[in-house]
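# Structure assessment
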Amino acid sequence: MSLTAGIVGLPNVGKSTLFNAITKANAFAANFPFATIEPNVGVVEVKDERLDKIVEIIKPRSVVPTSFSFTDIAGLVKGASKGEGLGNQFLSHIRDVDAICEVVRCFDDANIIHVDGKVDPISDIEVINLELVLADLEVVEKRLPKIEKKALLKVDSESVFEYQILKKLQEAFVNGKPARLVELTAEEKVYIKNYQFLTMKPLLYVANVGEEDIVTGNDYVKMVEEYAKKEGSKVVMISAKIEEELGMLDPEDRDVFLEDLGVKESGLDKLVREAYALLGLCTFFTAGEKECRAWTFKKGMLAPQCAGIIHSDFEKGFIKAETYSYDDLMEYKSPLKVKEAGRVRLEGKDYVVQDGDIMLFRFNV
């Protein structure tokens, strides 16, 4: 599945440093605004201990973890919705991503310029969130006059329905409220999907701290957490600089470095996991002597759709999915013993795939 989270934030908050750490792609990072002009796209492995344990049992010739894409989008500034800085270009790049990771500066450093001259994470968040709301408001206010007459005269039910939704959103946007916090029915959400509202996208705050605060956090992080809690968002605390350094080490040295810092898990692993969860993503596995592989799917997908992630022919000619759970494999220690225990199931077209399923698709085209 091709899904991506966009890394956004004001200039000089550590976006490109974080992106370098995530993808080791060496995106151009510099101590001045707009060092990133074209969006950089990178792919990162999703670490999953379950795949490692499956491999220990199956002992395949090759192993392929699942992956997740991040897009580094240039720094937004106040007035971006009106074209300030490189606003229009940046906003269009955000429109193309599935979720937003908003990097917030939570460190003091006199050597790194802040676009507003002072470190204030809540002000930074409000600037970006307001620009996204204003961009969405502009979309609504361009559309409303085109359907208003038909809606008010009740020429057709669709115009009335669309007008009512957009008026509801317009009121929210005027009050600075993002679309994701507006009460909408499932039908209304489906209807406005094509608008690609920026503020409808799921959002995760990334609190970027200095090395000295990586274990305990600081007052800036607490401010961000309190803000996020009010709107039902999550916060991941990282030190982008440390993560960039970790990315240059081999796995053994990396573990030693993390231990020296007093940290059990890297901030990037947390970020990838949270971004994965933010989009409602899960993992199923295929496991054989030739290859063990993890596959990303959207929660709620049916067996034929998941088969189609591997190859379109698998979905077209889907017959059944031979399925057992990761937990069963861990209990019985081999696929053969899982089968002997009667734990292998033949699932049909209506089966909702579960996180951790190990599957073999039967198909005919």
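Now for a look at the structure at hand. (Residues numbered from 1 in each chain as written. Predicted model: local features only at pLDDT ≥ 70, side-chain atom pairs only at ≥ 80, totals over all residues. Heavy atoms only, no water.)

### Here we look at helix α11 (residues 303-310)
- Taken as a whole, α11 has its buried residues at A303, P304, C306 and A307. Taken around the axis of α11, the buried residues stretch over an arc of 160°, which confines them to a single face.
- Looking at the buried residues of α11, the elements they touch are β8 (281-287), β9 (291-298), α12 (312-316), β10 (318-325) and β12 (357-363). (Buried < 20%, exposed > 50% of the residue type's maximum accessible area, 1.4 Å probe, protein only. Helix = DSSP H or I, 4+ residues; strand = E, 2+ residues; numbered from the N terminus. Arc of directions from axis to C-beta. Contact = heavy atoms within 4.5 Å.)

### As for the sheet that holds strand β4 (residues 67-72)
- Read from one edge of the open sheet, six strands run β2-β4-β1-β5-β6-β7, paired in mixed fashion. In the strand order of this sheet, the two ends are held by β2 (40-45) and β7 (234-238), each with one partner. Between one strand axis and the next, the sheet turns by 25° as a mean value, whatever way the strands run.
- Note: strand β1 (residues 4-8) against strand β5 (residues 99-105), four bridges, orientation parallel. In the sheet register, G6 faces β5, and the bridge partner there is I100.
- Along the sheet, helix α10 (residues 267-278) makes contact with β2, β4, β5, β6 (203-208) and β7, crossing β7 at roughly 160°. (Pairing = 2+ DSSP bridges. Axes fitted to C-alpha atoms, helices over the stretch in contact; angles between N-to-C directions.)

### Points about the packing of helix α4 (residues 121-152) against helix α7 (residues 219-231)
- Axis separation between α4 and α7 bottoms out at 9 Å; the angle between their running directions is 40°. In this view, α4 runs oblique relative to α7, as classed from their interaxial angle. The segment α4 lies against α7, with P121, I122, I125, E126 and N129 engaging Y220, M223, V224, Y227 and E231.
- A breakdown of the residues in the contact of α4 with α7 according to their chemical character gives seven nonpolar, one polar and two charged. (Parallel < 35°, antiparallel > 145°, perpendicular 65-115°, else oblique. Nonpolar A, V, L, I, M, F, W, Y, C, P; charged D, E, K, R; others polar.)

### Thoughts on the nonpolar core
- If you look at the biggest cluster of nonpolar residues, it comprises 59 residues, and the most contacted ones within it are L18, F68, F70 and L271.
- The element best represented in this core is α4, accounting for six residues. (Core = buried A, V, L, I, M, F, W, Y, C linked by side-chain atoms within 4.5 Å.)

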